[in-house]
Amino acid sequence: MTQLKNDNFLKALHREPTPYTPVWMMRQAGRYLPEYRATRQKAGDFLSLCKNPNLATEVTLQPLDRYSLLDASILFSDILTVPDAMGLGLYFAAGEGPKFERPLRIEADIQKLKIPDIDKDLKYVIDAVSQIKKALQGRVPLIGFSGSPWTLATYMVEGQGGTDFLTIKKMAYSRPDLLHHILKTTTEAVTQYLHAQIEAGVDTIMIFDSWGGALSHQGYLEFSLPYMKVILSNLKMMNTKKIPSIMFTKGGGLWIEDQLTVGSDALGLDWQTDIGIARQKVGEKVTLQGNLDPAILLSKPEAIEKEVKRILDRYGKGSGHIFNLGHGITEHTPPEHVDVMLNTVREYSQQFHA
Ligand code: CP3
């Protein structure tokens, strides 16, 4: 195995000292980069890009080649590859986001739901992980990921993104047994999927609970959090490699104490939560990742600098902070604004580390 040349991101996950605050960005390989748009065009469309390990490797490395100050890379793929492999028929209608041909609406379909054969139906992702690890040559660690069962279920039941979640919430309130069946099956699929990514060489895993915050507190405790807990504890039992984990619930800032019970090494914070207050709540228990509002990158260099510094000040001295955005970078971001953010993090954060 290649030795990592820069392991500050992993050190921060373990709350070990680093010379500066490490940083990466959610969706760092994406449409705001002209080189990404060129590769996507070569692939034909987004899904074909995900399904081509050579091109997925190419786009994973693009942000690293452009920005020398990034401390981590993330597998280029999508959370919806799992429900696609479960037979729901994922497609992206131009300009409309993800959709499923066969959303889960009737009981008979829900009862028929099957765990995919990872080595066959998701082989392209596992192949991409192996290729990316090779291509990285130990530059920075590689993050593997999955959606949370609840977040995947929102797409599987609603059939698309950008909804008000009324279809899945109606199911949660009227037929919780059906929803739990979807969540249980998806939990098993996600566990096997993340296990395969770990075997193929990812250095950490992140669970994206992008729509956990759409639930009530009680709903979060019933439909989202416990399934993430099952995934992480089963992975701990299955894996000989002990790799750290990150859990990100968008809109989950009010439930940090609950999130601590899951056993992840880090919690991701969206931009709504004050990172100083979050740090007081978590104490020495976990690392915090976040939490710059991605919209600030649309503004001007002075505003970006000021907000980056404010977040670093609010976290304060010591290890256990990974700088990131509070959600994915938007496609309208001028790429040079990312330089401003990265330079500010690198220069300004050193004072907080001994
Ligand atoms: O972070 C990275 O660089 C790795 C790649 C990555 C993508 N999607 C690529 C992508 C990751 C980690 C994801 C996760 C993902 N996908 C999430 C969880 C994180 C989050 O944003 O909350 C979710 C909810 C999805 C589902 C999804 N995929 C949506 C809603 C969309 C459309 C919205 C949009 O931004 O267009 C996608 C498409 C998608 N996934 C794109 C990329 C780069 C854009 C597609 C394109 O190139 O046209």
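Predicted model only: the values in this text are computed from it and were never measured. (Residues numbered from 1 in each chain as written. Predicted model: local features only at pLDDT ≥ 70, side-chain atom pairs only at ≥ 80, totals over all residues. Heavy atoms only, no water.)

**Looking at the UniProt feature "domain: Uroporphyrinogen decarboxylase (URO-D)" (unreviewed entry) in the protein**
Rule in force here: UniProt positions are given in the numbering used here, feature names are shortened, and annotations may be inferred rather than shown by experiment. Put simply, DSSP H or I for four residues or longer makes a helix, DSSP E for two residues or longer makes a strand, and each gets a number counted from the N terminus.
Here, UniProt's "domain: Uroporphyrinogen decarboxylase (URO-D)" (unreviewed entry) annotation points to residues 22-31 and 143-159. From the first C-alpha to the last, residues 22-31 spans 23 Å; its make-up is 0% helix and 0% strand. For the annotated span residues 143-159, helix accounts for 59% and strand for 29% of the residues, and the straight-line distance between the end C-alpha atoms is 27 Å.

**Description of the site of the ligand**
Put simply, the rule is: One heavy atom within 4 Å of a molecule or strand is enough for the residue carrying it to be called near that molecule or strand. Polar contact criterion, stated in full: a pair of N or O atoms within 3.5 Å, where within protein one must be able to donate a hydrogen and the other to accept it, and residues adjacent in sequence count only if both atoms are side-chain atoms. Surface exposure here means Shrake-Rupley accessible area, sampled with a 1.4 Å probe, where a residue is shielded only by the protein chains that are shown. Classes in brief: Ala, Val, Leu, Ile, Met, Phe, Trp, Tyr, Cys and Pro nonpolar; Asp, Glu, Lys and Arg charged; the others, Gly included, polar.
As a matter of local geometry, the ligand sits amid 22 residues, with Arg31, Tyr36, Arg40, Ser210 and His327 nearest to it. Contacts to the ligand include Arg40, whose side-chain N or O atom sits 2.4 Å from an oxygen atom. At 2.6 Å, a side-chain N or O of His327 approaches an oxygen atom of the ligand. Contact with the protein chains removes 88% of the 870 Å² of surface that the ligand exposes when unbound. Class assignment of the residues belonging to the shell around the ligand gives a composition of 14 nonpolar, four polar and four charged.

**Observations regarding the sheet that holds strand 5 (residues 204-209)**
Definition in use: A pair of strands is considered paired only if DSSP assigns at least 2 bridges between the two. Pairs of residues are marked as contacts when any of their non-hydrogen atoms sit within 4.5 Å. Helix axes are fitted only over the stretch in contact, all axes being lines through C-alpha atoms; the angle between N-to-C directions runs from 0 to 180 degrees.
Strand order in the open sheet formed by seven strands is 1-4-5-6-7-8-9, and the pairing between neighbours is parallel. Every interior strand has two partners, whereas the edge strands, strand 1 (73-74) and strand 9 (321-325), have only one. Strand contacts of helix 12 (residues 217-238): strand 5 and strand 6 (245-249), with the helix running at about 170° to strand 5, the strand carrying the most contacts.

**Re the packing of aromatic side chains**
By convention here, two paired aromatic rings are described through the distance between centres and the angle between planes. Definition in use: Side-chain rings of Phe, Tyr and Trp (the six-membered ring for Trp) are treated as a pair once their centres are within 6.5 Å; stacked means planes under 30 degrees apart, edge-to-face means over 60, and tilted covers the remaining angles. Here's how the labels work: a residue is buried when its accessible area is under 20% of the maximum for its type, exposed when over 50%, partly exposed in between, all with a 1.4 Å probe on protein chains only. Only when the NZ atom of a Lys or the CZ atom of an Arg is both within 6 Å of the ring centre and within 35 degrees of the ring normal do we say a charge sits over the ring.
Counted according to the given criterion, the structure contains eight aromatic pairs. An angle of 50° between the planes, with centres 5.5 Å apart, marks the rings of Phe165 and Trp211 as tilted. In this pair, Phe165 is assigned in the loop between helix 9 (149-158) and helix 10 (166-174) and Trp211 in the loop between strand 5 and helix 12, connecting sequence segments 46 residues apart. The class for Phe165 is buried, based on a relative accessible area of 13%. A relative accessible area of 24% means that Trp211 is categorised as partly exposed. With a centroid separation of 6.3 Å and an interplanar angle of 85°, the aromatic rings of Phe208 and Phe248 are classed as edge-to-face. Placement of Phe208 in strand 5 and of Phe248 in strand 6 is noted, with a sequence separation of 40 residues between them. A single burial state applies to Phe208 and to Phe248, both of which are buried. Connected via pairs of aromatic rings, a cluster forms that spans Tyr36, Phe46, Phe76 and Phe92. Positioned above the aromatic ring of Tyr315 is the side chain of Arg279, whose terminal nitrogen or guanidinium carbon lies 4.0 Å from the ring centre.

**Notes on the pattern of salt bridges**
Defined as follows: We count a salt bridge whenever a side-chain nitrogen from Lys or Arg sits within 4 Å of a carboxyl oxygen from Asp or Glu.
Within this structure, the stated rule accounts for 19 salt bridges. One salt bridge in this structure joins Glu96 and Lys99, with 2.6 Å as the shortest N-O distance. Members of the salt-bridge network, linked through shared partners, are Glu107, Arg175 and Asp177.

**Some remarks on the environment of Thr273**
For Thr273, the location among the structural elements is in the loop between strand 7 (266-268) and helix 14 (275-282). Looking at Thr273, the relative accessible area reads 15%, which means it is buried. For the pair Thr273 and Gln350, spaced 77 residues apart in the sequence, the C-alpha separation amounts to 23 Å. Beyond its immediate chain neighbours, meaning those up to four positions away, Thr273 contacts Gly253, Ile256, Ala278 and Asn291.

**Observations regarding the packing of helix 10 against helix 11 (residues 176-200)**
Threshold: Note on terminology: angles under 35 degrees are roughly parallel, angles over 145 are roughly antiparallel, angles of 65 to 115 are roughly perpendicular, and the others are oblique.
Two elements in contact, helix 10 and helix 11, have axes separated by 5 Å at closest approach and are oriented at 115°. Judged by the inter-axis angle, helix 10 sits roughly perpendicular to helix 11. Note on element contacts: helix 11 touches helix 10 through Pro176, Leu178, Leu179 and Ile182, opposite Ile168, Met171, Ala172, Tyr173 and Ser174. Class assignment for the residues of the contact of helix 10 with helix 11 results in eight nonpolar, one polar and no charged.

**Let's talk about the UniProt feature "site: Transition state stabilizer" (unreviewed entry) in the protein**
Here the UniProt-annotated "site: Transition state stabilizer" (unreviewed entry) positions come out as Asp78. For Asp78, the position within the fold is in the loop between strand 1 and helix 5 (81-88).

**Considering the nonpolar core**
As a reminder, the rule being used: The criterion is simple. A nonpolar core is a set of buried Ala, Val, Leu, Ile, Met, Phe, Trp, Tyr and Cys residues joined through side-chain atoms within 4.5 Å.
Among the nonpolar cores identified, the biggest contains 119 residues, and Phe9, Trp24, Leu179, Ile182, Met206, Phe323 and Met341 are the most heavily contacted of them. Counting residues per element, this core draws most heavily on helix 11, which supplies 11 residues. Phe9 has contacts with Pro22, Trp24, Asp71, Ala72, Pro141, Ile143, Thr204, Ile246, Gln289 and Ile322, leaving out every residue within four places of it along the chain.

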